[in-house]
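Each chain, written out:
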Amino acid sequence: MTKTWWKESVVYQIYPRSFMDSNGDGIGDINGITQKLDYLKKLGVDVLWLSPVYQSPNDDNGYDISDYQAIMPEFGTMEDFDRMLSEAHKRGIRIVMDLVVNHTSDEHPWFVESRKSKDNPYRDFYIWRQGKEVQEKGTAVTREPNNWGSFFSGSAWQYDKETDMYYLHLFSRKQPDLNWENDKVRENVFSMMDWWLKKGIDGFRMDVISLISKVQSFPDGPAKMNSSYGDAGPYTANGPRVHEYLKEMNQKVLSKYDIMTVGEASGVTVEEAKKYASLDGSELNMVFQFEHMDLDGGETFKWNDKKMDLVELKETLSKWQTELDEKAWNSLYWDNHDQPRIVSRLGDDRVYRERSAKMLATCLHMMQGTPYIYQGEELGMTNAPFGGIEDFRDIESINAFRELTGRGMDGETILKYIRYKSRDNARTPFQWDDSHMAGFTTGTPWIMVNPNYKEINAKKALEQEDSVFYYYQKLIRLRKEYPVIVYGHYKLLLPESRQLYVYTREYEGERLLTICNFTGESTECRIPAEFMEGKILISNTHRSQVTEENLVLEPYEALVLYCPAV
Ligand code: GLC
Ligand code: CA
């Protein structure tokens, strides 16, 4: 396998709004990021991925962009951005930008033009359709062009009075989908990308890129449980021309630069991922798949408090590990700005918070692929104790509450689910220290600070030798020292175990054994004979050697054994 820097890197995701506020307005900003670069350097990460910092009315916190070549004033100026970029580069840290081109904001000049008239030059930049005439109780009425539901509740179509037609928005009403069938849309997007790359950024994380090509007959989708709308997935995810578009993007833009690209690919299967992230370099470097994140989903989409099943989790992740090996490249993640905190979801955020956070980190970081750390994960930050719906800021959570209570579901039950799964859990301010508002802002934060900041914060973690922070630092360092961690082949052991996640890696004779106890009880694990001589690379319980073949693991214990090539 060819060695490349992006396979050997560890990426750190910053959600700028919640990272560090430099001017006391309660909103994190670019100068805040610049101030904290030394902290990130100390952690040892190679690449920062910034969630969108472009001009935006913030209907979906920057994922609704009204100007791709301007910085949102709340976040600072283009000069601030340039300074951050050069300060990061000085420290050997690369910067990857979020690229949101499945849709724009409805306040983007293209859409403002597009909705004006049917013959406007920008009309065809978006997806406009005529309503459907249907008979209801004997009278003719006009309904949406098809039954597709939006990811953020309600119909995916919005009626627009001006021209008496509907436009498609897979996300919020203020996020109209771009029409990628139109050559001019692609040309404009590609030249905008080129503009950023010329500025010196180091790549793109491509928002919902698997959705850019829609089946042009726009058929109704299959019925969804607990929803009046149909599933648009089969006609929008991995659509008919998506690979053609990405190959074109690759030829015209990406291949001209030494950059990193990762596509967010909802609905992606391993077969599809082999195309998106093929090692032949014809499309993207890697994709974010969702299969492991969807394992605790249910009848009302993600809204429930079901626990993930370990056996299924292992089966899913192992499939990605083995099937992409030597064909495509994996991205590895537990957390991002769209997911609740992993220690609250798969670990124990109370008694064994630190130990289980380290265990989860070990399990992920010893796999093949490029690992992503989401801000605060390196502190073991937890879900927040949100109260009523007024505590939430996220459009997805607020709309879901409205829709589900509207369908007659019990408000308290829905709230329980939203508290557990809401994206806002990831978006509470980064906890820097135990001072006012966790040191995030001198003012009033835009979303509540998790009250556990007195206990969980970066200052304390940096003072404490065996903190989650230093554990992550070590995992990152090990990845640089041992090629087997980056390139090794993966093999799952004990697939049926309901307590343990155990796997090996192998590369040019070097071998690695990772053992993780996913439960709060101690449990036994039989060490394969060939690892009895192995040395412990890392342990979250200060274990220094393995003497017994039947190792008794402590609750949430993790360890990694290494054997050199013989
Ligand atoms: C992606 C982003 C998410 C956003 C959505 C619409 O899933 O990660 O935060 O809401 O796309 O842009
Ligand atoms: Ca600010």
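Being a predicted model, the structure only gives us computed values, none of them experimental.

How each quantity is defined
- Residues numbered from 1 in each chain as written.
- Chains lettered and ligands numbered in written order.
- Predicted model: local features only at pLDDT ≥ 70, side-chain atom pairs only at ≥ 80, totals over all residues.
- Heavy atoms only, no water.
- Near = heavy atom within 4 Å.
- Polar contact = N/O pair within 3.5 Å; in protein donor to acceptor, adjacent residues only side chain to side chain.
- Nonpolar A, V, L, I, M, F, W, Y, C, P; charged D, E, K, R; others polar.
- Donors = N, O, S within 2.8 Å, 3.2 Å for Na, K, Ca; no water.
- Buried < 20%, exposed > 50% of the residue type's maximum accessible area, 1.4 Å probe, protein only.
- Phe/Tyr/Trp six-rings, centres within 6.5 Å; stacked < 30°, edge-to-face > 60°.
- Lys NZ or Arg CZ within 6 Å of the ring centre and 35° of its normal.
- Pairing = 2+ DSSP bridges.
- Helix = DSSP H or I, 4+ residues; strand = E, 2+ residues; numbered from the N terminus.
- Core = buried A, V, L, I, M, F, W, Y, C linked by side-chain atoms within 4.5 Å.
- Axes fitted to C-alpha atoms, helices over the stretch in contact; angles between N-to-C directions.
- Parallel < 35°, antiparallel > 145°, perpendicular 65-115°, else oblique.
- Contact = heavy atoms within 4.5 Å.
- Salt bridge = Lys/Arg side-chain N within 4 Å of Asp/Glu carboxyl O.
- Expected span 1.5 Å × (residues − 1).

Quick look at the site of ligand 1 now. Around ligand 1, the surrounding shell holds 14 residues, and the nearest of these are Asp60, Asp207, Glu264, His337 and Asp338. The separation between an oxygen atom of ligand 1 and a polar side-chain atom of Arg205 is 3.0 Å. Taken together, the residues of the shell around ligand 1 sort by class into four nonpolar, three polar and seven charged.

Donor atoms from the polypeptide that coordinate the calcium ion (ligand 2) comprise Asp21 (OD), Asn23 (OD1), Asp25 (OD), Ile27 (O) and Asp29 (OD), at 2.2 to 2.4 Å from the metal. In terms of primary sequence, the donors binding the calcium ion (ligand 2) are separated according to D-x1-N-x1-D-x1-I-x1-D. In this structure Ile27 comes out as buried when scored by relative accessible area, which is 11%.

The next point concerns the packing of aromatic side chains. Applying the stated criterion to the full structure yields 40 aromatic pairs. The interplanar angle of 65 degrees and the centroid separation of 5.3 Å between the aromatic rings of Tyr159 and Tyr166 together place this pair among those described as edge-to-face. We classify Tyr166 as buried; its relative accessible area is 7%. Ring-pair connections join several aromatic residues into one group, and the members of that group are Tyr54, Tyr68, Phe81, Trp110, Tyr122, Phe125, Trp195 and Trp196. Lying over the aromatic face of Trp446, Arg17 brings its terminal NZ or CZ to 5.4 Å of the ring centre. Over the ring of Phe531 we find Arg511, and its NZ or CZ is 5.4 Å from the ring centre.

Pairing is parallel in the open sheet, where eight strands are placed in the order E13-E12-E11-E5-E2-E1-E15-E14. If you trace the sheet from one side to the other, it starts and ends with strand E13 (286-288) and strand E14 (331-332), each paired once.

The next subject is the nonpolar core. Counting residues in each nonpolar core, the largest one holds 145 residues, and the members touching the most others are Tyr12 and Phe81. The greatest single-element share of this core, amounting to eight residues, is contributed by helix H17 (residues 468-481).

Right, let's talk about the pairing of strand E21 (residues 550-553) for a bit. Here E21 shows a clear split, with Leu551 and Leu553 buried on one side and none of Asn550 and Val552 buried on the other. Where strand E19 (residues 523-526) and E21 come together, four bridges link them in antiparallel fashion. Following the sheet pairing, Glu524 is matched in E21 by Val552.

Moving on: the packing of helix H4 (residues 78-90) against helix H6 (residues 183-199). Contact geometry for H4 and H6: axes closest at 11 Å, N-to-C directions at 55 degrees. By the angle between their directions, the pair H4 and H6 is classed as oblique. On the side of H4, the interface is formed by Met78, Phe81, Asp82 and Leu85, while H6 contributes Trp195, Trp196 and Lys199. Partitioning the contact of H4 with H6 into residue classes produces five nonpolar, no polar and two charged.

Turning our eyes to something else, we now look at the pattern of salt bridges. Under the defined criterion, the tally for this structure stands at 46 salt bridges. Here Asp394 makes a salt bridge to Arg423, at a shortest N to O gap of 2.7 Å. Pair noted here: Asp394 is in the loop between strand E15 (370-374) and helix H13 (395-406) and Arg423 is in the loop between helix H14 (411-421) and helix H15 (424-427), with a separation of 29 residues, a long-range link. When its relative accessible area of 2% is taken as the criterion, Asp394 is described as buried. When its relative accessible area of 7% is taken as the criterion, Arg423 is described as buried. The salt bridge involving Glu463 is made with Lys459; its shortest N-O contact spans 3.7 Å. Of this pair, Glu463 and Lys459 both sit in helix H16 (residues 458-463), four residues apart, which is roughly one turn of that helix. Residue Glu463 is classed as exposed on the basis of its relative accessible area of 60%. Relative accessible area serves as the criterion here: at 45%, Lys459 is assigned to the partly exposed category. One continuous salt-bridge network, built from bridges that share partners, spans Asp60, Lys302, Asp338, Asp394, Glu396, Arg423 and Arg427.

This brings us to the sheet that holds strand E6 (residues 128-129). Taken in spatial order, the three strands make up an open sheet running E6-E10-E9, and their pairing is antiparallel. The two strands at the open ends of the sheet, each matched to only one other strand, are E6 and strand E9 (157-160). With four bridges joining them, E9 and strand E10 (residues 165-168) adopt antiparallel strand pairing. Paired with Tyr159 across the two strands is Tyr166, which belongs to E10.

Turning to H6, a few remarks are in order. With 17 residues, H6 ought to run about 24 Å at 1.5 Å a step, and its terminal C-alpha atoms sit 25 Å apart, in line with that. All buried positions along H6 are accounted for by Val185, Arg186, Val189, Phe190, Met192, Met193, Asp194, Trp196 and Leu197. Packed against the buried residues of H6 are strand E3 (54-55), strand E4 (67-71), H4, strand E5 (94-99), strand E11 (203-206) and helix H8 (242-252). With its phi angle positive at about 110 degrees, Gly200 sits one or two positions after the end of H6.

Time to look at H14. Among all positions of H14, only Ile414, Leu415, Tyr417, Ile418, Tyr420 and Lys421 are buried. Close packing links the buried residues of H14 with helix H11 (342-345), H13 and H15.

The next thing to look at is the environment of Tyr276. Relative to the helices and strands, Tyr276 is located in helix H9 (residues 270-276). By relative accessible area, which is 0% here, Tyr276 ends up buried. Linking Tyr276 and Asp59, residues 217 residues apart in sequence, is a C-alpha distance of 29 Å. Ignoring anything within four residues of it in the chain, the contact list for Tyr276 reads Ser210, Asn238, Val242, His243, Leu246, Val268, Glu283, Leu284 and Val287.

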